[in-house]
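# A look at the structure
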Amino acid sequence: MENEDQYHQALKPKYECLLFDLDDTLYPRSSGLSAEVTKNIQEYMLHKLGIEDGKIPQLCVSLYKNYGTTMAGLKAIGYNFQYDDFHGYVHGRLPYDMLKPDPVLRGLLLSLPIRKVDDADVDPISRIEVFDIDKYLSRPDASLVLPRTPVVCKPFEGAYEKVFNIANINPQRTLFFDDSIRNLLSGKRMGLHTVLVGTSHRTQGVDNALESIHNIREALPELWEAEEELESVRYSRKVAIETPVKA
Ligand SMILES: [Mg+2]
């Protein structure tokens, strides 16, 4: 019996779960869709939050750097808006026809023999107190701390912990695909095995790199091999059991 357990343990695939980022990972940057997301975010900041046009690009950079996403940062520095309104404006108005069906990716994902989990109302602006993050960053003041955001998002540990709990993921047996090195490095600190998508050059601290998600089978054949091996063992055991009956 003990041998049996060892036997199954040896056949257990190294990875039991794949966790994918979406933008610029499952679909490529060249589709132009993520540029539309940025454009919509900037329009939301201009039209719905009343932020001065000239300040928006730099503010986006500062918020993304410090809070993981622009939306998380906007909440942190004091803007009051409903998440549904933001997402409706930013994602609800995207020209999704820019994304063409990808039969190659579909075939690859469907053929994977393991579990997959996909790692994404403004009140009329009353004059609210907004933290000036760009001023703060250009002249850091030790007596001040950056305000906290209520939003949970990559690359922060809390976001990974939430995903692990919600989807019942064991990070040690999960491959995490993302185009952001920052996200991959924090994912790796949380125990995930990491795959950088969008370049074939492996960066320090990242386990694998793929030029495109289409290269997944060539770069990580073990994802398919484990199941094939199990199938062949199942078959040979079946034959071994059936043979004496025939005899
Ligand atoms: Mg991405």
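Preceding this paragraph is the structure being described.
The notes below deal with the structure included here.

What counts, and at which threshold
- Residues numbered from 1 in each chain as written.
- Predicted model: local features only at pLDDT ≥ 70, side-chain atom pairs only at ≥ 80, totals over all residues.
- Helix = DSSP H or I, 4+ residues; strand = E, 2+ residues; numbered from the N terminus.
- Buried ≥ 20, exposed ≤ 12 C-beta atoms within 10 Å, placed from the backbone.
- Axes fitted to C-alpha atoms, helices over the stretch in contact; angles between N-to-C directions.
- Parallel < 35°, antiparallel > 145°, perpendicular 65-115°, else oblique.
- Left-handed = near helix turned anticlockwise from the far one by under 90°.
- Contact = placed C-beta atoms within 7 Å.
- Core = buried A, V, L, I, M, F, W, Y, C linked by C-beta atoms within 7 Å.
- Arc of directions from axis to C-beta.
- Pairing = 2+ DSSP bridges.
- Right-handed = clockwise from strand over helix to strand, strands pointing away.

### Overview of the overall build of the chain
Within the chain, the regular secondary structure consists of eleven helices and five strands. Every one of the 247 residues in the chain was classed for burial, and the buried ones make up 21%.

### Section: unusual backbone geometry
Most of the time, phi is negative for any residue but glycine, and the peptide bond is trans. Geometrically, the link from Lys154 to Pro155 is a cis peptide bond, its omega value of 10° lying close to zero. In this structure, Asp24 is a non-glycine residue whose phi angle is positive, near 65°. The phi dihedral of Asn168 is positive, around 55°, even though this residue is not glycine.

### Remarks on the packing of helix α2 (residues 33-47) against helix α5 (residues 83-90)
Interhelical geometry of α2 versus α5 gives an angle of 130° and a closest axis separation of 8 Å. Considering the angle they form, α2 stands oblique to α5. Pair α2 / α5 crosses with right-handed handedness. Between α2, through Val37, Asn40, Ile41 and Tyr44, and α5, the contact on the second element is made entirely by Phe86, Tyr89 and Val90.

### Quick word on the nonpolar core
Counting residues in hydrophobic clusters, the biggest one holds 20 residues, and the most contacted among them are Leu19, Leu175, Phe176, Phe177, Val195 and Val197. Taken together, the elements giving at least two residues each to this core come down to β1 (17-20), α8 (157-166), β3 (174-178) and β4 (193-197). What Phe177 contacts, discounting residues up to four positions off in sequence, is Leu18, Leu19, Phe20, Asp21, Thr25, Val195, Val197 and Ile213. If you look at the next biggest cluster of nonpolar residues, it comprises 14 residues, including Leu63, Ala72, Ile77 and Val90.

### Thoughts on the environment of Thr199
Mapped onto the fold, Thr199 is located in the loop between β4 and β5 (208-210). Between the C-alpha atoms of Thr199 and Ser212, which are 13 residues apart in sequence, the distance is 7.1 Å. Once you skip the residues sitting within four places of it in the chain, Thr199 turns out to touch Ala209 and Glu211.

### What about α8?
Among all positions in α8, only Ala159, Tyr160 and Val163 are buried. Buried residues of α8 fall within an arc of 95° about the axis and therefore sit on the same side. Exposed side of α8, more than 90 degrees from the buried face: Gly158 and Asn165 are the residues found there. Tucked into the core, α8 has its buried residues touching α9 (181-189). Positive phi appears at Asn168, one or two residues downstream of α8, with a value of about 55°.

### Some words on the pairing of β4
A large share of β4 lies buried, amounting to five of its five residues. Of the two faces of β4, the one holding His193, Val195 and Val197 and the one holding Thr194 and Leu196 are both buried throughout. Examined bridge by bridge, β3 and β4 share four bridges and lie parallel to one another. Within the sheet, the bridge partner assigned to Phe177 lies in β4 and is Val195. Note that the unit made of β3, α9 and β4 has a crossover that is right-handed. Pairing between β4 and β5: three bridges, direction parallel.

### So, the environment of Pro28
Along the polypeptide, Pro28 turns up in the loop between β1 and α2. Taking the C-alpha atoms as reference points, Pro28 and Leu99, 71 residues apart in sequence, are found 9.3 Å from one another.

As far as function goes, none of this settles anything; it's purely spatial.
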